Amino acid sequence: MIGKFGVGLKDALATFDRHDVGVLIRSAHAEITIESVAKHGFDDVRTLHAVVREPPDPTMPGTEFILTGLSRADVDRAKEFFLRYSDETALESTRYGAVLHREAGDARIYVNGLRVATEPDFLFSYNITSLTKSLRAALNRERSNVGRQAYSDRVKAILLACESAEVAGPLAEDLAAFAAGTAHDETGWIDVALHACRILNSHERVVFATADQVYLSAGLLSNAEGDGYRVIVVPENVALKLPQLTDLNGNAIRDLDEYRHEWNESFVYDFVPSDELTLPEQTVFALTAPIMQLLRSETNRVKGVRISRTMRIDSHNNDEAVGVWDEAEQLIVIKRDQLISPPAFLGTLLHEIGHALSGAPDVSREFENGLTRLLGSTGAAAVVNDA
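Residues numbered from 1 in each chain as written. Predicted model: local features only at pLDDT ≥ 70, side-chain atom pairs only at ≥ 80, totals over all residues. Heavy atoms only, no water.

Chemist: Looking at this model, I keep getting lost on the overall build of the protein chain. Mind explaining?
Modeler: The number of helices and strands found in the protein chain is 14 helices and 14 strands. Against the globule reference of 21 Å for 387 residues, the protein chain gives a C-alpha radius of gyration of 36 Å, more extended than a compact globule. Here the C-alpha coordinates of the protein chain stretch approximately 125 × 40 × 30 Å along the principal axes. For the protein chain, buried positions account for 39% of its 387 residues. In the protein chain, the share of contacts with a sequence separation of at least 24, taken over all contacts with a separation of at least 6, comes to 61%. (Helix = DSSP H or I, 4+ residues; strand = E, 2+ residues; numbered from the N terminus. Rg over C-alpha atoms; globule rule 2.2 N^0.38 Å. Buried < 20%, exposed > 50% of the residue type's maximum accessible area, 1.4 Å probe, protein only. Contact = heavy atoms within 4.5 Å.)

Chemist: What exactly am I supposed to notice about helix α6 (residues 190-203) here?
Modeler: Working note: α-helix, 3.6 residues per turn, so residues spaced by three or four point in the same direction. Between its terminal C-alpha atoms α6 stretches 20 Å, which fits the 20 Å expected from 14 residues at 1.5 Å a residue. Of all 14 residues in α6, ten are buried, a share of seventy percent or more. Taken together, the buried residues of α6 touch α4 (148-161), α5 (165-175), β10 (206-209), β11 (230-233) and α9 (236-239). (Expected span 1.5 Å × (residues − 1).)

Chemist: What is the right way to read helix α10 (residues 256-265) from this model?
Modeler: L256, Y259, R260, W263 and N264 are the residues of α10 that are buried. All buried residues of α10 fall inside an arc of 130° around its axis, so they share one side. Turning to α10, the residues buried within the fold contact β10, α7 (211-216) and α8 (218-226). (Arc of directions from axis to C-beta.)

Chemist: Where do I start with the sheet that holds strand β13 (residues 323-326) in this structure?
Modeler: For sheets, the rule is that strands pair by backbone hydrogen bonds, running either parallel or antiparallel. The strand order β12-β14-β13 describes an open sheet built from three strands, whose pairing is mixed. Both outer strands of the open sheet, β12 (304-308) and β13, are each paired with one neighbouring strand and no more. On average, each strand axis in the sheet is inclined to that of its neighbour by 20°, with strand direction left out of account. (Pairing = 2+ DSSP bridges. Axes fitted to C-alpha atoms, helices over the stretch in contact; angles between N-to-C directions.)

Chemist: Help me understand the sheet that holds strand β7 (residues 107-111) in this model?
Modeler: As summarised here, the arrangement of the five strands in space is β5-β6-β9-β7-β8, forming an open sheet in which the pairing is mixed. Edge positions in the sheet fall to β5 (90-93) and β8 (114-119), since each of these pairs with one other strand and no more. Along the sheet, successive strands turn relative to each other by an average axial angle of 20°, direction set aside. Of the strands in this sheet, β5, β6 (97-100), β7, β8 and β9 (125-128) touch α4, which is tilted by about 95° from β9.

Chemist: Would you take a moment to explain the packing of α8 against α10 for this structure?
Modeler: Packed helices, taken two at a time, are described by the angle their axes make and the gap between the axes. Packing of α8 against α10 brings their axes to within 11 Å, and their N-to-C directions diverge by 65°. Here α8 lies roughly perpendicular to α10, going by the angle between them. Crossing of α8 over α10 shows left-handed handedness. Packed against α8, whose contacting residues are L220, L221, N223 and A224, the element α10 presents L256, Y259, R260 and W263 at the interface. When the residues that make up the contact of α8 with α10 are grouped by side-chain class, the tally is six nonpolar, one polar and one charged. (Parallel < 35°, antiparallel > 145°, perpendicular 65-115°, else oblique. Left-handed = near helix turned anticlockwise from the far one by under 90°. Nonpolar A, V, L, I, M, F, W, Y, C, P; charged D, E, K, R; others polar.)

Chemist: Can you walk me through the nonpolar core in this structure?
Modeler: For soluble globular proteins, nonpolar side chains are generally found buried alongside one another. Y126, L135, L159, F208 and V234 are the most contacted members of the largest nonpolar core, which totals 45 residues. Examining the composition of this core, we find that seven residues originate from one element, α6, more than from any other. For Y126, the contacting residues outside a window of four places in its chain are A98, V99, L100, R108, I109, Y110, V155, I158, L159 and E186. Residues F285, M292, L295 and V305 belong to the second largest nonpolar core, which totals 19 residues. (Core = buried A, V, L, I, M, F, W, Y, C linked by side-chain atoms within 4.5 Å.)

Below, the structure is given as C-alpha cells:
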C-alpha cells in the first residue's frame, strides 16, 4: 500500500488521533479537521470523521498540514523512516531499485523511499522501486519489520542489474572475508558474488585467486601485483565457476590460470650470450655438446639450447620454470640458475629433451616413455664408459 496516498493518509490521521495529536489541513479547496463521533445507527461505536469547512484563503497554493502536540524529537524520529531525509547516497540505480551506501548502524531496506526493515549483516542499503507480488502482500500485512523473504529476490535483482565498480568493488573485497566468516550476507549469494567478479574484471586490472592459491602461488601473484593487477581473494566455490564466465565486455575472467596464460603469451626470454657466462657456468654449459652427441637420434628435433635469465611460468607450481621445450622454435631454454652444477643442468636438459622427444606434456604416459628411453640411452652409455 506504500505510495497509495489516500490509504496512508487515513492511517496517519487515525494514528495522530490515537496519540492526541491535533491535525489541521488547509488548501485552496477546504479546511479540514477530524473528530470522533458516533457511527450513524450505532451510538456505542465511535469513528473518525472529517470536519470540512470553507477555505480561509481560496488562492493559497499547495496544501498545509498543521500538527499540534508533537515535539521536535517526534518529527526527527519519524523522518528517519524516509530515504529523502537520510544521509544515504545512491551508488547505482537500476530498473528494480537503487543500491545505497550504508551509513552508520544497520543497513536499511526502503520501498519507494519508506524504510520497511533493517539488516545488520548487509553490506549496502537498498531502495526497492519495482515491487514483486510477494513484497506487495507483505506490505499489506505489515508495513514495518517486513521479513527478508519478502524482499531478498528484489535485492538480488538490483545487485545483478548493477554494472558499476562502485558496487562491485566493495562486494569483491567483501568476498575476501568469507573464509574468516566476517563477510556480509550479499556475498553469500553465489550469483551475486560471480556478478561482482564480472563487473570488477570489466573495470579494473584484477586477478582472482583463492586463499590457498595466495599461499601456494605467492610468486606468480607477486608478478601480477608488480604488473599493476589487484589480487582479489574469492571463495573456492566462486573460483571454480569463474573460468566458465566472461565479463561485461565479453573478456575472460582473469583468475590465476588466465593470468598465467596471458603472462606466458606475452613473455619474452632474456637470453644470456655465452661470453657473458661466468667461467664455472661456461664449464657446466659445455656439457651440452656431449649430451647432444650421445643422444643424436633423440635430439634430432632440437635446433639449439639457450640460457635465459627469465622463464615462463610453470603450470604446475606457478613459479618460473627451470627449463622449457619451445615447440614453435624447436629450442630448449634453461634458466641460468641451473648452471650452478652439472647434475642440476643435465637433469633439466634431459627433462626438456624428453619433451622434445615425446612431444607430450608433464605427467603423461608419452612423456614418461620418452624419459624411460633417455634413461636407457644415458645409462647404457655410462655403464659402457665405466666398463
